[in-house]
Amino acid sequence: MSAKDSDARSASLEKNAVDSVVEEVSVKPDLAYGGEDTLPPPPDLTPEQQKALYRKIDLRLMPILTLMYLCSFLDRGNIGNAKLQGLLTQLHLTGNKYNIALTMYFVPYCLFECPANLVLKKFRPSRWLPGITLLWGLIMTLMGLVKTYPQLVGTRIALGIAEAGLFPGVVYYLTLWYPRHMIQFRVGMFFGGATLAGAFSGLLAFGISFMSGTAGLLGWSWIFIIEGLATVVVGVISFFILVDFPHTATFLTPEERAYVIHRKKYDNSSVGEEEHFELRHIWETLLDWQVWLHILVYMSVIAPLYGISLFLPSIINGFGFTTAISQLLTVPPYVFATITLLIWAVWSDRIKKRYPFVLAGLCFILVGFAINIADVPIGAKYFGTFLVVAGSYAGFPGVVAWLGNNLAGHYKRGVGMALHIGIGNFAGAIASNIYRSQDAPRYILGHGIELMFVGIGFIVVPIVVLSYKRINAQRDALVSEANEKGIRYSPEELRRMGDRAPDFRYTL
């Protein structure tokens, strides 16, 4: 290849769309991928056999992953229920101390997500993910024994560090198993655990509140202890269920493993993805425009999600209900959100588009917060909480799956998704501080800031969609031009280019 061709290859196709010389590989590459060289040739499966195979994988992976994330979200959000069960009075959380305790969880949680994803493959998913689950379960249990405000803050920081690796790790892990247009349903099933956690949290808090006074501990302590011990049990069980990668999955036959790897290899490329780590993967990710725009999209949904998760009991309590009734009334919005989430996830994978459901979620959130910020009857405000919970929880899997679909290369995707989730979750830290006790019961400041985040989403999502459409059209034209000129890239070069390769198309 000439020096001119080499320069064009290394440059961004987006910036050099007219001058770049690209090519569509016309011969089947012989580069090994995902351990396929240790397996027999992939079989030809009928659509029914394909469904049966992925159902088999689902049954092995999804229940335990969903249970782990249910515990994760339950453990980080149950402080909202504990607040109503004596936490504030016993630990003397006056002023903004409660909000600071919430915030201190998010700082290490955001900072440690990217390093956690980089070590996931090194330490093996079947050991890393159960290990951190066991660790944060122990921390959660011990949180029920704290006696002072500094101890609460310290355990919240430790909880953030321990939980940091789960969500980005699992989403990245799923992208190693499933083709990109099957991923949102799986992320939806997995994230449905968080939605169910919202429902369970209210029910558990209601039941556990009757233990208040047992062994000299108030209800808030028992919420932390019992839910923490449940997480420890789930962590131990997951050691015996989780597997590492498709090519080492003993619950599949060698032929089934070969098919899964073959399907992933040609999922978004004609040659498969890079699997090894190089420092350039970090720099390429940091300089990728789509990562930073997607972080803004993420923030526009995650801020309302965390805001409603952490403060829904307090918001409903402000409607005038008793503590026990407030806990129970948090359940129906989460049940509605779970149903909405699964419907949208299936629909999105079927039409192979993400943005319509992200926009739909933003619309739900907009209407829900607009109702709650207005001076309207309590019934209308409660209906608004249904829209906020459903919009944020059902829209979120699409946000995560969208960027995951559009990053190529194992480590670039791992780093990109960790940055996406890690930096994006700082919006959760903001959401932890906008619902102040002095603003009850209408919380005009909190709802108003949430509406600001939604506005950011309505600006950025169309920009991302139009950019993807433009780049996809440019690549179609460039491939046609390259074919006419007989220009060729080697499989190694196309793998190195990743999502900048001429045969890669962005998912909308």
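The shown structure was predicted, so the numbers you read here are calculated from the model rather than taken from an experiment. (Residues numbered from 1 in each chain as written. Predicted model: local features only at pLDDT ≥ 70, side-chain atom pairs only at ≥ 80, totals over all residues. Heavy atoms only, no water.)

## As for unusual backbone geometry
- Positive phi values are uncommon outside glycine, yet H92 reaches one of about 55°.
- Structurally, H92 is set in the loop between α4 (87-90) and α5 (97-111). (Helix = DSSP H or I, 4+ residues; strand = E, 2+ residues; numbered from the N terminus.)

## A short note on the pattern of salt bridges
- Summed over the entire model, instances satisfying the criterion amount to 12 salt bridges.
- Residues R186 and D58 are paired through a salt bridge, measuring 2.7 Å at the closest nitrogen-oxygen approach. Here D58 lies in helix α2 (residues 47-77) and R186 lies in helix α10 (residues 183-208), a separation of 128 residues in the sequence.
- Classification of R186 as buried rests on a relative accessible area of 9%. (Salt bridge = Lys/Arg side-chain N within 4 Å of Asp/Glu carboxyl O. Buried < 20%, exposed > 50% of the residue type's maximum accessible area, 1.4 Å probe, protein only.)

## So, helix α14 (residues 289-317)
- Along its 29 residues, α14 runs 43 Å from first to last C-alpha, staying within 8% of the 42 Å computed at 1.5 Å per residue.
- In the structure, α14 departs most strongly from a straight axis at F311, where the bend amounts to approximately 65° and where the proline P313 lies between one and four residues downstream.
- Taking burial as the measure, the 29 residues of α14 include 24 buried ones, the bulk of the element. (Expected span 1.5 Å × (residues − 1). Bend = angle between axes of the 7 residues up to and from the residue.)

## Some remarks on the nonpolar core
- Of all hydrophobic cores here, the largest spans 139 residues; its most connected members are I57, L65, L87, F167, W177, Y178 and Y393.
- When neighbours within four sequence positions are excluded, L87 is seen to be in contact with I79, A82, L93, Y98, L152, W220 and F224. (Core = buried A, V, L, I, M, F, W, Y, C linked by side-chain atoms within 4.5 Å. Contact = heavy atoms within 4.5 Å.)

## With respect to the side chain of S238
- Structurally, S238 is set in helix α11 (residues 219-238).
- Of the residues examined, S238 reaches a relative accessible area of 0% and is grouped as buried.
- Here G235 takes part through its backbone oxygen, which lies 2.7 Å from a polar atom of the side chain of S238.
- Once residues lying within four places of it in the same chain are set aside, the contact partners of S238 are I64, M68 and P130. (Polar contact = N/O pair within 3.5 Å; in protein donor to acceptor, adjacent residues only side chain to side chain.)

## Details of the packing of aromatic side chains
- Scanning the model with the defined rule gives 36 aromatic pairs in all.
- Between the aromatic rings of Y435 and Y443, the centroid separation amounts to 5.5 Å while the plane-to-plane angle is 65°, which identifies the pairing as edge-to-face. Across the pair, Y443 and Y435 agree in class, each one buried.
- Stacked on the ring of Y149, the Lys or Arg K97 has its end atom at 5.3 Å from the ring centre.
- The positively charged end of R180 is found above the aromatic ring belonging to F504, 5.0 Å away from the centroid. (Phe/Tyr/Trp six-rings, centres within 6.5 Å; stacked < 30°, edge-to-face > 60°. Lys NZ or Arg CZ within 6 Å of the ring centre and 35° of its normal.)

## Here's the deal with a nonpolar patch on the surface
- A cluster of nonpolar side chains, contributed by L196, F200, L203, L204, F321, I325, L328 and I378, occupies part of the molecular surface with about 610 Å² of accessible area.
- When contributions to the nonpolar patch are tallied by element, the ones reaching two or more residues are α10 and α15 (323-329).
- A total of four residues in the nonpolar patch trace back to one element, the largest contributor, which is α10.
- Position of I378 relative to the elements: it lies in helix α18 (residues 378-405). (Patch = residues over 30% accessible without salt bridge, like charges linked within 9 Å, V, L, I, M, F, W, Y side chains within 5 Å. Areas by Shrake-Rupley, 256 points an atom, 1.4 Å probe, with all protein chains shown as cover.)

## Structural notes on the packing of α14 against helix α19 (residues 410-424)
- Interhelical geometry of α14 versus α19 gives an angle of 40° and a closest axis separation of 8 Å. Relative to α19, the element α14 lies oblique. The two elements α14 and α19 cross, and the hand of that crossing is right-handed. Contacts from V291, W292, H294, I295, Y298, M299 and I302 of α14 reach α19 at G416, L419, H420, I421, I423 and G424.
- Of the residues assigned to the contact of α14 with α19, the class counts are nine nonpolar, four polar and no charged. (Axes fitted to C-alpha atoms, helices over the stretch in contact; angles between N-to-C directions. Parallel < 35°, antiparallel > 145°, perpendicular 65-115°, else oblique. Left-handed = near helix turned anticlockwise from the far one by under 90°. Nonpolar A, V, L, I, M, F, W, Y, C, P; charged D, E, K, R; others polar.)

## Some thoughts on the confidence of the model for the protein
- When pLDDT is averaged along the protein, the result is 85, and 92% of the positions lie at 70 or above.
- Throughout residues 1-29 the model reports pLDDT below 50, and contacts reaching past four residues in sequence, or to other chains, amount to 60 contacts. (pLDDT = per-residue confidence, 0-100.)

## Re the environment of G160
- Among the structural elements, G160 can be located in helix α8 (residues 149-163).
- Distance in space between the C-alpha atoms of G160 and Y109 is 4.3 Å, their sequence separation being 51 residues.

## Remarks on the packing of helix α17 (residues 355-373) against α18
- One way to put it is that α17 packs onto α18 with a least axis distance of 7 Å and a crossing angle of 155°. Relative to α18, α17 is oriented roughly antiparallel. Both α17 and α18 take part in a crossing whose hand is left-handed.
- Residue classes in the contact of α17 with α18 are distributed as 15 nonpolar, nine polar and one charged.

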